[in-house]
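One-letter residues, chain by chain:
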Amino acid sequence: MDNLQIYLLLSSLLFSLGIYAVISRQNAVAILMGIELMLNSANINFIAFNRFTSNLNHLDGHVFSIFIIVLAAAEAAVALAIIINLFKNIGTVNVNEASELKG
Amino acid sequence: MDFNIILALSFLYIPIGLFVYQLFFGHILKHNTWYVSIVGIGINLAVALNFFYRVFLNQPDDLIVSGRFNWLTTGNFNLDLGISIDNMGAITLLVVSLVSCLVHLYSSEYMRGDSRFSRYYAFLGLFTFSMNGIVLADSITMIYIFWELVGLSSYLIIGFWFEKKSAAMASKKAFLVNRVGDIGMFIGIMMIYYVGDTHSFNLSDIIEKVKSTEIDSTYLTIAGILLFMGAVGKSAQLPLHIWLPDAMEGPTPASAMIHAATMVAAGVYMTLRIFPILTFEALTAIAFIGASTALFAAIIAITQNDIKKVLAYSTVSQLGYMVLAIGVGSYLAAFFHLVTHAMFKACLFLASGSVIHSMHDSLHKLHDHDTDPQDMRNMGGIKNKMPITYYAMLITTLAIAGVPFFSGFVSKDAILAGALAYYFEHGGITIFLPIAGFGAAAITAFYMFRLIILTFHGKPKNDKIYENLHESPSFMTIPLIILSALSFAVFFTGSVNPLSDGSHGWFAKAIGNGHNYVIEVESHDSHHGNSHNDYEGNHSEETHHHEKTYSSHNVSHDKTEHSNYHFTEHVSHAAHAAHYTAMYLSLLVAGLGILLSFTVYYFKKLNADKIYSFFNIFRLYDLSKNKFYIDEIYSNIIYKPFMFWSVISSKIDWDYYDQKFIDSIGKLTIFASDKSGKVDYDWLDQKVVDGFGNFANYMSLKMKKLQGGVVQTYILGGLVTLIIIILIIQQI
């Protein structure tokens, strides 16, 4: 269990699930969750590559991951705020309903 | 700038300023606008008197004023403009200014009430400007420029009453006939430019060059005759004299100035200016032209009934005299006659204008519009009504007829003496010159007294007209008095016979000393034997036949000897002998003419009609009456064939070339453009260009559906595309 492919498989699985959620779900919260999944799959990639392909003394991948986690937290906060406002304005979180700008 | 040059230039800028003023602002002062003009011309007259005074005091012929500047340069071609006044120029300036000033004064009454009064004064200003330009010019090109300008002002003045068809026609005729001469003159100028590589139009340069270089005499003769052609046109010599009698359609005072005293004399003046470059052959041709003109015009003048026509032909005849004098080499006599003629002929014209003015008023009062106010047959006996006019005209008639103590006698006598001396020297065919001269003198005396007697003596032809006649106002009579006074010989010479003795007469002194030379074709081996110079004037000390090279003109002696041309100054004994013969002969012929005139018209001893019918056996009377049919001949030989060919050409041009050929090209073009327009619109525009538009429209309708507005569809599309790109990259 100590090779790179296993981690890459896991991360691509997570990414695929995330993208599937983003494409198929109508619920804004579910879409946001899909995005979080994709971000985390990227984190796994960073850690795995750092672990298997470079000097162990270097922690570049880890640093990236921590940054992404911080970003993801901020993003989630902003996105949830938008979703709450959306719900307040149109009474639903279904993204297809939010079509006022469509010509 | 030299103050003298500024003074001299005033002869140009004052009249042209008056022209502009009268043309644009003349209407402001109404009738009083003429005061502006006369003040301007009066200043000119004062300056001219100043110049003349210097000539009078300081007899040697040196330039009073001279100055020139470079006008334009192209490559190595230079055109200078400049002025120079020598004694001859100063005297001519005085004549022009005096006549111009008097005519300005006279016209204020003569033209009173004319609807284009200010324009008349504008034209007078323009004329004075151009005439002064000719006199001042120091180069032949500048003469030519002003030459054309006097032609223009003459055209404007003749056609001043252009509502009259005859006046409009006469102005066109004058202009076109003058063109014929001017073309010759222009070619002459071009030829002179290349004489001996002078490459200068300056008169003194050309004369210097001609004197100091060997030049083909045939070339110089042709150039000289061509230059003289300009004078033939302007001075109304045969065969281009036909415009001058018609020019009498213009206002009479302007006729007096332009067509009697100054402009027509410009031709003579120009020929005098180029005199030193004229060859013997050219001068011979000039002499014959002048002599035949003098005789010919005098014969026509006998039978004319229009008072102005008589004077017009008389002018042509007197100009012929001047040209004859130039031709026989009597430089001084020609210029002398120019000056005296300007005085008495201007006076004659102004006096006839005074008569016409009075007749016109009288006819106007009678509401008679059919009687011709200029026809002498309607006059008669008006001496008592118009005494001042009568005496002025009588004095000037005596002058022109050549009666002693009047100016015309001395000047005409000098010319006749020259012609006679010329015959004595050369013999043969040249006997025509004195015969024509004396014949014309006799005829002149005859027709001038015929004019006086028919107009002023005898019984009035129509009492009603006679009753209404009146003497002209003083502004019209003052010029008559001044000019007739100047027709006395004492103003020009202390002696009756001024040219025989250098000690008498300021005129001979001022003019005679400078230019008495003619280019001789000296024959080392050619057949032109003796020289022909016959300056009878003022060579009291140089009584011997001698040749004088002009060493003062820096011609080396060596050069002169080898040159074909050199300049001789002859005093021939023949001229002196001829002088007294000429004087007695001219007295005789003038007396005969006057006597005959009195017999026929005053005492009526001879019936004029019978004499006419006697001459008419040979159709002589008809010939003279109809001016030798010259106009008809020109009409038939030149005008009608020209018009005929013009009509034919215009028919070919319009009916065939224009209507058929040019128009068919147009029609073809319309047809072709119709077709190509169809192709352009139906195919290119409708199909191809619109096709692109339609295709874009169709495609965008299809593509529009992709823009669903659902973000997830876009993401899916992006994902699929990414996968495809990755697959493609892997394949590569």
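Above this text you will find the structure in question.
Residue positions within a chain follow its written sequence, with the count starting from 1. Chain A is the first chain written and ligand 1 is the first ligand written, with later ones labelled in order. Only residues with pLDDT of at least 70 get local features here, since the model is predicted, and only at 80 or more are side-chain atom pairs given and counted; chain-wide, interface and lining totals rely on the full set of residues.

Asks: Help me understand the overall build of chain A in this model?
Replies: When you go through chain A residue by residue, the secondary structure sums to three helices and zero strands. When the elements of chain A are put in sequence order from the N terminus, they spell out α-α-α. Just to be clear, the radius of gyration here is over C-alpha atoms, and the globule rule we use is 2.2 Å times residues to the power 0.38. A globule of 103 residues ought to have a C-alpha radius of gyration of about 13 Å, yet chain A, at 17 Å, is considerably larger. Counting only C-alpha atoms and orienting by the principal axes, one finds that chain A spans roughly 50 × 25 × 25 Å. Using C-beta atoms placed from the backbone, we call a residue buried if 20 or more other C-beta atoms fall within 10 Å of its own, exposed if 12 or fewer do, and partly exposed for counts in between. Among the 103 residues that make up chain A, the fraction classed as buried is 12%. We call two residues in contact when the distance between their C-beta atoms, placed using the backbone, is within 7 Å. In chain A, once contacts between residues fewer than 6 apart in sequence are set aside, the share between residues at least 24 apart is 49%. Strands here are runs of E lasting at least two residues and helices are runs of H or I lasting at least four, both read from the DSSP assignment and numbered beginning at the N terminus.

Asks: Teacher, can you tell me more about the interface of chain B and chain A here?
Replies: Interfaces are often sized by the amount of accessible area the parts lose when they come together. In this complex, chain B contributes six residues to the contact, which on the side of chain A involves six residues. Under this grouping Gly is polar, as are all residues other than the nonpolar Ala, Val, Leu, Ile, Met, Phe, Trp, Tyr, Cys and Pro and the charged Asp, Glu, Lys and Arg. For the side of chain B that touches chain A, a count of residues per class yields four nonpolar, two polar and no charged.

Asks: I keep staring at the environment of Leu363 of chain B and nothing clicks. Help me out?
Replies: Residue and element names in this part refer to chain B. Among the secondary structure elements, Leu363 is positioned in helix H14 (residues 331-365). Classification of Leu363 as buried rests on a count of 20 C-beta atoms within 10 Å. Leu363 sits 106 residues away from Leu469 along the chain, and the two C-alpha atoms are 9.1 Å apart.

Asks: Where do I start with the pairing of strand E2 (residues 77-85) of chain B in this structure?
Replies: Side-chain positions along a regular strand alternate between the two faces of the sheet. Residue and element names in this part refer to chain B. Pairing between two strands requires that DSSP report at least two bridges joining them. As defined by bridge partners, strand E1 (residues 65-74) adjoins E2 across nine bridges and the pair is classed as antiparallel. Counterpart to Gly67 in the pairing with E2 is Ile83. Joining the antiparallel neighbours E1 and E2 is a turn of two residues, in which Gly75 adopts a positive phi near 60°.

Asks: Looking at this model, I keep getting lost on the nonpolar core. Mind explaining?
Replies: Soluble, globular proteins show a tendency: their nonpolar side chains are buried together. Residues and elements named next belong to chain B. Core analysis: the largest hydrophobic core is formed by 210 residues, its most contacted members being Val268, Leu324 and Ala346. With 20 residues, the top contributor of residues to this core is H14. Not counting the four nearest positions on each side in its chain, Leu324 is found in contact with Ala287, Gly290, Ala291, Ala294, Ile415, Ala419, Leu433 and Gly437. By definition, a nonpolar core groups buried Ala, Val, Leu, Ile, Met, Phe, Trp, Tyr and Cys residues that are joined through C-beta atoms within 7 Å.

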